[in-house]
Amino acid sequence: MKVLVPVKRVVDYNVKVRVKSDQTGVDIANVKMSMNPFDEIAVEEATRLKEKGVVTEVVAVSCGVAQCQETLRTAMAIGADRAALVQTDTELQPLAVAKLLKAVTEKEQAQLVILGKQAIDDDANQTGQMLAALLGWPQATFASKVEIEGDHAKVTREVDGGLETISVKLPAIITTDLRLNEPRYVTLPNIMKAKKKQLDTFTPEDLGVDVTPRIKTLKVAEPPARKAGITVPDVAALVDKLKNEAKVI
Ligand code: AMP
């Protein structure tokens, strides 16, 4: 069974993002970029399935600018066997990515696609669901445990107030939640090995997909600045302020 793992290049989660002065988006010039953390979990899960002998090949795929190659090399250093880049400088929205991933899934004849539940830059939480709809495959989103049993995947999902376990027939789409696993550290020998692994490049045109954006961003703004706090001398002063100024007690 072949598994496809889509990985997105995003602003590193440690970076404090800055909004561009013209409010058209977030400034990514000279900013550290990394693999979306939920996608690292997806690569780790696919690699573990391969190590268990459940899957035969793990293919990482990224859609975006040429630098996404670095993200794909990281995926291969974690354990993906090879990678594909759908290269474009056009801003990609979830529907366009889902269409590209559908084309790659069909081309690769993958039986399972494991995506992150959401990208930490756009917070869309849409691509996996759209891909399932486009392919007509069942989906198991927000997975915290994945077991492959014959031609089904048993997936435990994090839902409000508990865990839900469902069974989906393969081929299927799974999206990862934070607690699915803890990705391994990437070792230097594996980084070196990843450099030699196969990385194919396509364009959206090669795949016959129109990636023109459908949604227009009107404005991106910073959250309102918080007012500075003050230090109170003692508990009595705190109680007095809570009672008479904030009027919360
Ligand atoms: P989103 O729907 O944008 O929150 O993204 C959900 C998941 O879709 C991500 O965690 C990735 O697995 C995948 N994805 C989104 N955008 C891309 C992209 N440009 N290239 C590859 N995978 C992507």
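Quick look at the structure, then. (Residues numbered from 1 in each chain as written. Predicted model: local features only at pLDDT ≥ 70, side-chain atom pairs only at ≥ 80, totals over all residues. Heavy atoms only, no water.)

One ladder, built from 3 bridges, connects strand β7 (residues 139-149) with strand β10 (residues 172-176); its direction is parallel. In the strand pairing of β10, Q139 is matched with I173. Two strands pair when backbone bridges link them, and β7 and strand β8 (residues 152-159) are joined in this way by 6 bridges, in the antiparallel orientation. Bridge pairing in β8 links K145 to T156. (Pairing = 2+ DSSP bridges. Helix = DSSP H or I, 4+ residues; strand = E, 2+ residues; numbered from the N terminus.)

Let's shift gears to the environment of I78. Inspection of the secondary structure assignment puts I78 in helix α2 (residues 68-78). Separated by 125 residues in the primary sequence, I78 and T203 have C-alpha atoms spaced 25 Å apart.

Let's shift gears to the site of the ligand. Within the structure, the ligand sits among 18 residues, and D39, C63, A119, N125 and T127 are positioned closest to it. Within the backbone of N125, an N or O atom sits 2.8 Å from an oxygen atom of the ligand. Relative to its free-state accessible area of 480 Å², the ligand is covered by the protein chains to the extent of 98%. When residues of the shell around the ligand are traced back to their parent elements, those giving at least two are β4 (57-64) and β6 (112-116). (Near = heavy atom within 4 Å. Polar contact = N/O pair within 3.5 Å; in protein donor to acceptor, adjacent residues only side chain to side chain. Areas by Shrake-Rupley, 256 points an atom, 1.4 Å probe, with all protein chains shown as cover.)

In this section: the pattern of salt bridges. Within the structure shown, the criterion is met by 19 salt bridges. Residue K2 is joined to E108 by a salt bridge in which the shortest nitrogen-to-oxygen separation is 2.9 Å. One end of the pair, K2, is in strand β1 (residues 2-6); the other, E108, is in helix α3 (residues 94-108), with 106 residues separating them in the sequence. Look at E108 and you get buried, because its relative accessible area is 10%. (Salt bridge = Lys/Arg side-chain N within 4 Å of Asp/Glu carboxyl O. Buried < 20%, exposed > 50% of the residue type's maximum accessible area, 1.4 Å probe, protein only.)

Attention shifts here to unusual backbone geometry. Across the junction of L170 and P171, the peptide omega takes the value 0 degrees, indicating a cis bond. Within the secondary structure layout, P171 lies in the loop between β9 (162-169) and β10. The backbone phi angle of N30 is positive, close to 60 degrees, even though this residue is not glycine. Tracing the sequence through the fold places N30 in the loop between β2 (9-11) and β3 (33-35). The class of N30 is exposed, set by a relative accessible area of 85%. At N125, a position not held by glycine, the phi torsion is positive, near 55 degrees. Tracing the sequence through the fold places N125 in the loop between β6 and α4 (127-135). Residue classification places N125 among the partly exposed residues on the basis of a relative accessible area of 25%.

A separate point is the sheet that holds strand β5 (residues 82-87). Strands sit in the order β9-β8-β7-β10-β6-β1-β4-β5-β11 across an open sheet of 9 strands; the sheet is mixed. With one partner strand each, in any of the chains shown, β9 and β11 (199-202) form the two edges of the open sheet. Here the average twist between neighbouring strands, direction ignored, is 30 degrees. Pairing between β8 and β9: 8 bridges, direction antiparallel. Bridge pairing in β9 places V159 opposite G162. (Axes fitted to C-alpha atoms, helices over the stretch in contact; angles between N-to-C directions.)

Now for helix α1 (residues 37-51). Here α1 spans 21 Å end to end across 15 residues, near enough to the 21 Å set by a 1.5 Å rise per residue. Residues F38, D39, I41, A42, V43, E44, E45, A46, T47 and L49 constitute the buried set of α1. Looking one or two residues beyond α1, the residue adopting positive phi is G53, at roughly 85 degrees. (Expected span 1.5 Å × (residues − 1).)

Glancing now at the nonpolar core. Ranked by internal contacts, the top residues of the largest apolar core, which has 37 residues, are V5, L112, I114 and I174. Once you skip the residues sitting within four places of it in the chain, V5 turns out to touch D39, A42, V43, A46, V58, V59, A60, V61 and I114. (Core = buried A, V, L, I, M, F, W, Y, C linked by side-chain atoms within 4.5 Å. Contact = heavy atoms within 4.5 Å.)

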